[in-house]
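Summary of the model geometry
Now for the letters of each chain:
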Amino acid sequence: MPRPTVDYSLYYVTGRSLLPTTSTAPLDSYLDHLELALQGGVTVVQIREKDVDGREFYEVARRSKLVCDKYNVPLFINDRLDIALLLSCHLHVGQSDLPYQLARHLLGPDRLLGVSVNTPDEMLDILKPEHAGMVDYVGIGPAFGTQTKKNLNPVIGVRGVRDVLQVLGDSEIKAVVIGGITPETIPNVLAQTPAPLLPSADPTAASPTKYRSLDGLAVVSSIAASPTPDVAARELRALFAQRDEYT
Ligand code: TZP
Ligand code: MG
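Keep in mind it's a predicted model, so treat the numbers as computed, not measured.

Focus on the overall build of the protein
Summing up its helical and strand segments, the protein has nine helices and ten strands in all. Over its C-alpha trace the protein gives a radius of gyration of 17 Å, about what one expects of a compact globule, namely 18 Å for 247 residues. With respect to the principal axes defined by its C-alpha atoms, the protein has extents near 55 × 40 × 35 Å. Among the 247 residues that make up the protein, the fraction classed as buried is 44%.

In structure tokens:
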């Protein structure tokens, strides 16, 4: 069975520990918040739970999957391959999680796999011929500083995002940007991210005429911190929909 085609326009990374409450949000209110975000137009969800045990992560993911299924939106699990397998979800791994080649081996051919990418070298590794077909999308970042992630990799700026996109070239692998993505930062990101393809990827072009753009925006707090996640999601979708005007 081929892997599903996904609209990555608005990729919401969530988790109970990520909601902006002083204590972890109760599961029901977290799920209500998630459902509103889906109604507002989130196209992909990732559950990212830090500092919780496996049983709690499993339960949050199981309940979240029921909500996402209702909206026909794909659900990725951050890092926990076992939970992804148990719930027939997709998987996202960071650079310090299981190597993506091993994750793909256990995940099988039918589930989607995403990887966090911080540098052009990490992107080049995924593009090696022996890794073809393993990775479906990359999350490039952190573009800007964020309060949301501990142990943040170096902030790469829009310039760094563009450098990774340039390496990605016209590969079929999709790309989303993450880290400090807000209605305020989006216009700048979109204006600067159509990256000219590297000459090696397009040897016939005298001057760069082909560009690689982003396939979507990934956010945590722009939705998670909003008391009206449906409104927030709608605004983010509308901003991303204008991206063609920047190319
Ligand atoms: N990976 C890189 S930055 C980040 C993750 C999970 C957190 C992004 O959070 P926010 O609130 O959208 O800046
Ligand atoms: Mg991780």
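Here's the deal with helix α4 (residues 100-107)
Among the residues of α4, those classed as buried are Tyr100, Ala103, Arg104 and Leu107. On an axial view of α4, the arc spanned by its buried residues comes to 100°, and they lie on one face. Residues of α4 that are exposed and point over 90 degrees away from its buried face: Leu102 and His105. Lining the buried residues of α4 we find α3 (81-86), β4 (90-93) and β5 (113-117). Looking one or two residues past α4, glycine 108 carries a phi angle of roughly 85°, positive in sign.

Details of the nonpolar core
By size, the foremost hydrophobic cluster in this structure holds 70 residues, and its most contacted members are Tyr12, Val176, Val177 and Leu217. Element by element, the count of residues in this core is highest for helix α6 (residues 157-168), at five residues.

Focus: the site of ligand 1
Of all residues adjacent to ligand 1, which total 14 residues, the nearest are Thr146, Thr148, Gly179, Val220 and Ser221. Across the shell around ligand 1, the residue classes break down as six nonpolar, seven polar and one charged.

With respect to the UniProt feature "domain: Thiamine phosphate synthase/TenI" (unreviewed entry) in the protein
On the UniProt side, "domain: Thiamine phosphate synthase/TenI" (unreviewed entry) is annotated at positions that read residues 27-191 here. Summarising residues 27-191: 43% helix, 16% strand, and an end-to-end C-alpha distance of 38 Å.

Notes on the environment of aspartate 170
Along the polypeptide, aspartate 170 turns up in the loop between α6 and β7 (174-178). A tally of 12 C-beta atoms within 10 Å means that aspartate 170 is categorised as exposed. Taking the C-alpha atoms as reference, aspartate 170 lies 17 Å from valine 6; in sequence the two are 164 residues apart.

Quick notes on the rules
- Residues numbered from 1 in each chain as written.
- Chains lettered and ligands numbered in written order.
- Predicted model: local features only at pLDDT ≥ 70, side-chain atom pairs only at ≥ 80, totals over all residues.
- Helix = DSSP H or I, 4+ residues; strand = E, 2+ residues; numbered from the N terminus.
- Rg over C-alpha atoms; globule rule 2.2 N^0.38 Å.
- Buried ≥ 20, exposed ≤ 12 C-beta atoms within 10 Å, placed from the backbone.
- Arc of directions from axis to C-beta.
- Contact = placed C-beta atoms within 7 Å.
- Core = buried A, V, L, I, M, F, W, Y, C linked by C-beta atoms within 7 Å.
- Near = placed C-beta within 6 Å.
- Nonpolar A, V, L, I, M, F, W, Y, C, P; charged D, E, K, R; others polar.
- UniProt positions renumbered as here; feature names shortened; annotations may be inferred.

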